[in-house]
Amino acid sequence: MRATVVPIIFGLIASGCRPSSPPEHITPVPEVAATDAFAVLAKADQIAARDLWPGFDPRTIPVAIYDGERTLLFRHPSPPEGFQPVPGRDAVYAYAGRHPSVTANSSAKLGGVQTATLMPPTSVGSLRAFAGILIHEAFHVYQREHHPGWTANEVELFTYPVDDPELLALRRSETEALRRAIALRDADRAACWTRTALELRRKRFGALPSGSAAYERYTELNEGLATYVERRATGEPDSTVLGMEEFAPEAIRLRAYRSGVAIARLLDRFSPAWRTALEQSDSLPLDIMLSAALATPTSGAPGCALLATDLKRIQAASAMDIGTLRARRVESKRAFLEQPGWNLVIVAAGAPLFPQGFDPLNLQSVSGGEVLHTRFVKVGNDSGAIEVLGRAALTEAAGVHPLFNGVRTLTVTGLAGEPVITDANGVVTVAAEGVTAELRGSTVERTGQTVTVRMPSRR
């Protein structure tokens with residue numbers, strides 16, 4: 001990452017985040033209650049015995065699991081304040097409720113120690129699937145210690161040209177070539193289609209802003225490799241890496257989870273020692289390593305080109321999906337603003353609010369400098385902070401960038417009840433379903449079912 005704004009958010013949003021539901025290719029198997037943290041950890045330790053990655057052992061990584069009632073902490077050398085020993089369990093600690101550091105399937109610092117974190121899943125799935133997610137997050141802890149450069153600049157995600165139909169068609173053509181390469185057992189044909197995929201990527205990256213191309217490559221190193229390790233642990237077959245569904249135009253980050261796995265699987269075939277080589281010299285992107293392994297020529301690979309009918313189909317679908325994306329942005333904002341119930345509006349009258357955490361997998365740029373966060377966002381300044389978790393919030397930019405020049409307004413709609421506001425000793429505290437805030441020197445206004453909190457113009 002080469003962000004120049006708000007350095008504090010770097011570690012908060014770039015540490016990696018696994019979708020909270022099991023992968024769509026895993027058939028739900030109710031082997032265990034989704035919130036049974038002890039069973040999930042035991043299964044993760046069992047499948048961690050496989051050869052996952054040189055030097056990586058998930059069984060040595062501290063783990064925090066929120067089970068819906070308490071946060072359980074395992075293997076932690078110095079549990080922070082609030083965690084108490086669990087009777088009958090060696091070196092296991094519990095915190096009543098969700099610990100503030102645990103906001104997603106991700107990794108976070110607890111007591112100054114990088115820790116894998118797990119939230120309750122949104123659907124029932126197999127024990128193996130949840131254990132795989134935990135290993136995914138444990139690998140992020142390993143990455144942060146051993147390969148801190150394997151992080152993408154999330155700033156680039158907001159300016160990525162997602163509504164360019166030609167670039168989308170090239171991306172989907174590349175995905176199709178990767179899909180064919182992985183499916184082929186014949187090594188020569190697989191190598192041929194791999195070269196085609198790499199050539200399509202070369203053309204696409206040449207047309208992308210350099211920061212956008214770098215975003216994909218670093219996300220493949222960060223999330224792609226974590227997903228690769230997860231799938232090695234759970235034993236998922238190559239045939240399910242990319243599936244048959246196309247990624248939505250704006251699903252840049254999500255696609256990199258899978259394109260990173262696809263490239264890693266092809267490296268397994270064409271350069272078996274690549275993991276050790278990358279561990280020793282970790283600055284090379286995965287696609288560059290794959291190009292070197294195949295001595296990829298600068299021109300396309302003869303005999304492995306997509307048919308004209310395939311290209312027409314991809315181009316038509318891409319143009320249609322871009323139109324759908326634009327319409328969906330308008331509809332998403334309308335639906336959010338028109339939700340019945342109470343509204344909460346936080347206005348930063350003076351210093352902007354800067355991101356302290358957000359979920360890059362669950363947000364959408366809707367118009368101008370507005371971003372709809374559908375699961376989690378936390379923003380703050382010297383006067384206080386606001387956190388929204390488990391519901392949607394709309395942020396409005398204070399500057400050119402949608403988030404990283406600061407936020408002027410944060411809005412929450414559809415609250416079932418009026419937000420509980422207290423004002424004591426100059427601190428306004430806000431509590432509502434999924435919303436918490438402590439704001440110094442602020443004023444409160446009520447108009448109908450809208451509560452507006454205005455933060456001070458200066459301190």
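In case you missed it, the structure is sitting above this.
A short tour of the structure in this document, coming up. (Residues numbered from 1 in each chain as written. Predicted model: local features only at pLDDT ≥ 70, side-chain atom pairs only at ≥ 80, totals over all residues. Heavy atoms only, no water.)

Side note on the sheet that holds strand S11 (residues 376-381)
Right, so step 1: Taken in spatial order, the six strands make up an open sheet running S8-S11-S12-S17-S16-S15, and their pairing is antiparallel. One side of each edge strand has no neighbouring strand; the edge strands of this open sheet are strand S8 (354-358) and strand S15 (420-424). Neighbouring strand axes in the sheet, compared pairwise and without regard to direction, differ in orientation by 15 degrees on average.
Right, so step 2: One ladder, built from six bridges, connects S11 with strand S12 (residues 384-389); its direction is antiparallel. (Pairing = 2+ DSSP bridges. Helix = DSSP H or I, 4+ residues; strand = E, 2+ residues; numbered from the N terminus. Axes fitted to C-alpha atoms, helices over the stretch in contact; angles between N-to-C directions.)

Re the pattern of salt bridges
Right, so step 1: Tallied over the entire structure, the rule returns 33 salt bridges.
Right, so step 2: Across the pair Arg253 and Glu223 runs a salt bridge, and its minimum N-O distance is 3.4 Å. Placement of the pair is Arg253 in helix H7 (residues 252-270) and Glu223 in helix H6 (residues 210-234), with a sequence separation of 30 residues. Glu223 carries the same exposure label as Arg253, and that label is buried.
Right, so step 3: Note that Glu250 is salt-bridged to Arg328, the shortest N-O span being 2.5 Å. Placement of the pair is Glu250 in the loop between H6 and H7 and Arg328 in helix H10 (residues 308-337), with a sequence separation of 78 residues.
Right, so step 4: Judged by relative accessible area, Arg328 falls into the partly exposed class, the value being 30%. (Salt bridge = Lys/Arg side-chain N within 4 Å of Asp/Glu carboxyl O. Buried < 20%, exposed > 50% of the residue type's maximum accessible area, 1.4 Å probe, protein only.)

Some details on unusual backbone geometry
Right, so step 1: One non-glycine residue, Arg75, lies in positive phi territory at about 60 degrees.
Right, so step 2: Following the sequence through the fold, Arg75 ends up in the loop between strand S2 (70-74) and strand S3 (84-85).
Right, so step 3: Using a relative accessible area of 27% as the deciding quantity, one classes Arg75 as partly exposed.
Right, so step 4: Although it is not a glycine, Asn425 sits at a positive phi angle of roughly 55 degrees.

Considerations on the state of the cysteines
Right, so step 1: Tallied over the entire structure, the rule returns one disulfide.
Right, so step 2: Put simply, Cys192 and Cys304 are joined by a disulfide, and their sulfur atoms are 1.8 Å apart. The sign of the 125 degrees torsion about the S-S bond sets the Cys192-Cys304 disulfide as right-handed. Taken together, the residues Cys192 in helix H5 (residues 187-207) and Cys304 in the loop between helix H9 (286-294) and H10 connect sequence positions 112 residues apart. The pair formed by Cys192 and Cys304 is uniform in burial state, with each residue classed as buried. (Disulfide = S-S within 2.5 Å.)

Some words on the sheet that holds strand S6 (residues 113-118)
Right, so step 1: Taken in spatial order, the six strands of this open sheet run S3-S4-S2-S1-S6-S5, and their pairing is mixed. Of all strands in the sheet, those bounded by a partner on one side alone are S3 and strand S5 (106-110).
Right, so step 2: Summarising the sheet, S5 and S6 pair through five bridges and their orientation is antiparallel. Along S6, the bridge assignment pairs Ser107 with Ala116.
Right, so step 3: This element, helix H3 (residues 127-146), spans strand S1 (63-66), S5 and S6 of the sheet and lies at about 160 degrees to S6. (Contact = heavy atoms within 4.5 Å.)

Some points on the nonpolar core
Right, so step 1: Ranked by internal contacts, the top residues of the largest apolar core, which has 68 residues, are Trp53, Phe56, Leu225 and Trp274.
Right, so step 2: In terms of residue count, the dominant contributor to this core is H3 (ten residues).
Right, so step 3: In contact with Leu225, other than residues within four places in its own chain, are Trp53, Phe139, Gln143, Trp150, Glu220, Ala264, Trp274, Leu278 and Leu286.
Right, so step 4: Grouped together as the second largest cluster of nonpolar side chains are 31 residues, Ile346, Phe358, Leu410 and Ile421 included. (Core = buried A, V, L, I, M, F, W, Y, C linked by side-chain atoms within 4.5 Å.)

Quick word on the packing of aromatic side chains
Right, so step 1: If you walk through the whole model with that rule in mind, you get 13 aromatic pairs.
Right, so step 2: Aromatic side chains Trp53 and Tyr228 sit 6.4 Å apart centroid to centroid with 85 degrees between the ring planes, which places their arrangement in the edge-to-face category. Placement of the pair is Trp53 in the loop between helix H2 (37-47) and S1 and Tyr228 in helix H6, with a sequence separation of 175 residues. There is no split in this pair, since Trp53 and Tyr228 are both buried.
Right, so step 3: Ring geometry for Phe56 against Phe139: centres 5.0 Å apart, planes inclined by 80 degrees, an arrangement best described as edge-to-face. Highlighted residues: Phe56 in the loop between H2 and S1 and Phe139 in helix H3, separated in sequence by 83 residues. The residues Phe56 and Phe139 share a single accessibility class, namely buried.
Right, so step 4: What links up through ring pairs into an aromatic cluster is the set Trp53, Phe56, Phe139, Tyr142, Trp150, Tyr228 and Trp274. (Phe/Tyr/Trp six-rings, centres within 6.5 Å; stacked < 30°, edge-to-face > 60°.)

Some thoughts on the environment of Ala48
Right, so step 1: Within the secondary structure layout, Ala48 lies in the loop between H2 and S1.
Right, so step 2: Taking the C-alpha atoms as reference points, Ala48 and Pro58, ten residues apart in sequence, are found 6.3 Å from one another.
Right, so step 3: The contact partners of Ala48, leaving out residues within four places of it in the chain, are Pro58, Arg59 and Ile135.

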